[in-house]
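In case you want the letters, here they are:
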Amino acid sequence: MAHRTLTREESLQVFRHAQEHAENPYRPVAIISLKKEIETETLLAERYAQETGKVDEVVVKRIVGMKLRLEGLYLDWALGKIT
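Calculation notes
Residues numbered from 1 in each chain as written. Predicted model: local features only at pLDDT ≥ 70, side-chain atom pairs only at ≥ 80, totals over all residues. Heavy atoms only, no water. Helix = DSSP H or I, 4+ residues; strand = E, 2+ residues; numbered from the N terminus. Rg over C-alpha atoms; globule rule 2.2 N^0.38 Å. Buried < 20%, exposed > 50% of the residue type's maximum accessible area, 1.4 Å probe, protein only. Contact = heavy atoms within 4.5 Å. Areas by Shrake-Rupley, 256 points an atom, 1.4 Å probe, with all protein chains shown as cover. Lys, Arg positive; Asp, Glu negative; His and termini not counted. Charge placed at Lys NZ, Arg CZ, Asp CG, Glu CD. Polar contact = N/O pair within 3.5 Å; in protein donor to acceptor, adjacent residues only side chain to side chain. Patch = residues over 30% accessible without salt bridge, like charges linked within 9 Å, V, L, I, M, F, W, Y side chains within 5 Å. Salt bridge = Lys/Arg side-chain N within 4 Å of Asp/Glu carboxyl O. Phe/Tyr/Trp six-rings, centres within 6.5 Å; stacked < 30°, edge-to-face > 60°.

Q: What is the right way to look at the overall build of the protein in this model?
A: The secondary structure content of the protein amounts to three helices and zero strands. Listed N to C, the secondary structure of the protein is α-α-α in terms of helices and strands. Taking 2.2 N^0.38 as the reference for a compact globule, 83 residues should give roughly 12 Å; the C-alpha atoms of the protein span a radius of gyration of 16 Å, well beyond that estimate. The C-alpha extent of the protein, read off along each of the three principal axes, is 50 × 30 × 15 Å. Counting the 83 residues in the protein, one finds 20% classified as buried. Excluding contacts between residues fewer than 6 apart, the proportion of contacts in the protein whose partners are at least 24 apart in sequence is 73%. Here the protein displays about 6,500 Å² of accessible surface, and carbon together with sulfur accounts for 56% of that area. The distance from the centre of the 13 positive side-chain charges to the centre of the 13 negative ones in the protein is 1 Å.

Q: Before we go on, may I ask you to explain the side chain of Glu 41 in this structure?
A: Relative to the helices and strands, Glu 41 resides in helix α2 (residues 29-52). Of the residues examined, Glu 41 reaches a relative accessible area of 19% and is grouped as buried. A polar side-chain atom of Glu 41 sits 3.0 Å from a polar atom in the side chain of Arg 62. Once residues lying within four places of it in the same chain are set aside, the contact partners of Glu 41 are Val 59, Arg 62, Ile 63 and Met 66.

Q: What am I meant to see in a nonpolar patch on the surface here?
A: Among the surface-exposed residues, Val 55, Val 60, Val 64 and Leu 68 lie close enough to one another that they form a single nonpolar patch of about 320 Å² accessible area. Mapped onto the elements of the fold, Val 55 is located in the loop between α2 and α3 (57-78).

Q: How do you make sense of the environment of Lys 61 when you look at a structure like this?
A: Relative to the helices and strands, Lys 61 is located in helix α3. Note on Lys 61: relative accessible area 62%, which makes it exposed. For the pair formed by Lys 61 and Leu 34, sequence separation is 27 residues and the distance between their alpha carbons is 15 Å.

Q: Explain the packing of aromatic side chains here, please?
A: Within a pair of aromatic rings, the relevant descriptors are the distance that separates the centres and the angle that separates the planes. Evaluation of the coordinates by the stated rule reveals two aromatic pairs. Considering the side-chain rings of Tyr 26 and Trp 77, the 6.3 Å spacing of their centres and the 65 degrees angle between planes classify their relative orientation as edge-to-face. On the criterion of sequence distance, the pair formed by Tyr 26 in the loop between α1 (8-22) and α2 and Trp 77 in helix α3 is long-range, its members being 51 residues apart. A residue is classified by how much of its surface remains accessible, and Tyr 26, at 39% relative accessible area, is partly exposed.

Below you can see the structure in the form of structure tokens.
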């Protein structure tokens, strides 16, 4: 996933949307689904680590990638690209 710097206008738009969204419990389905998937993967990874004493690096990288995608979804939502 490529990252880019927001323009000043985009930054202001994101800030305004973030203020509006913070007061509203609504979240797009894509965000809710990915958050649930992250929670499930994290729980399974924690259980695996507790039972084996090992951390699965592949799983950790997958969870980090999912969290980065989630940040992108929040940005898309703030920019009005998803609802």
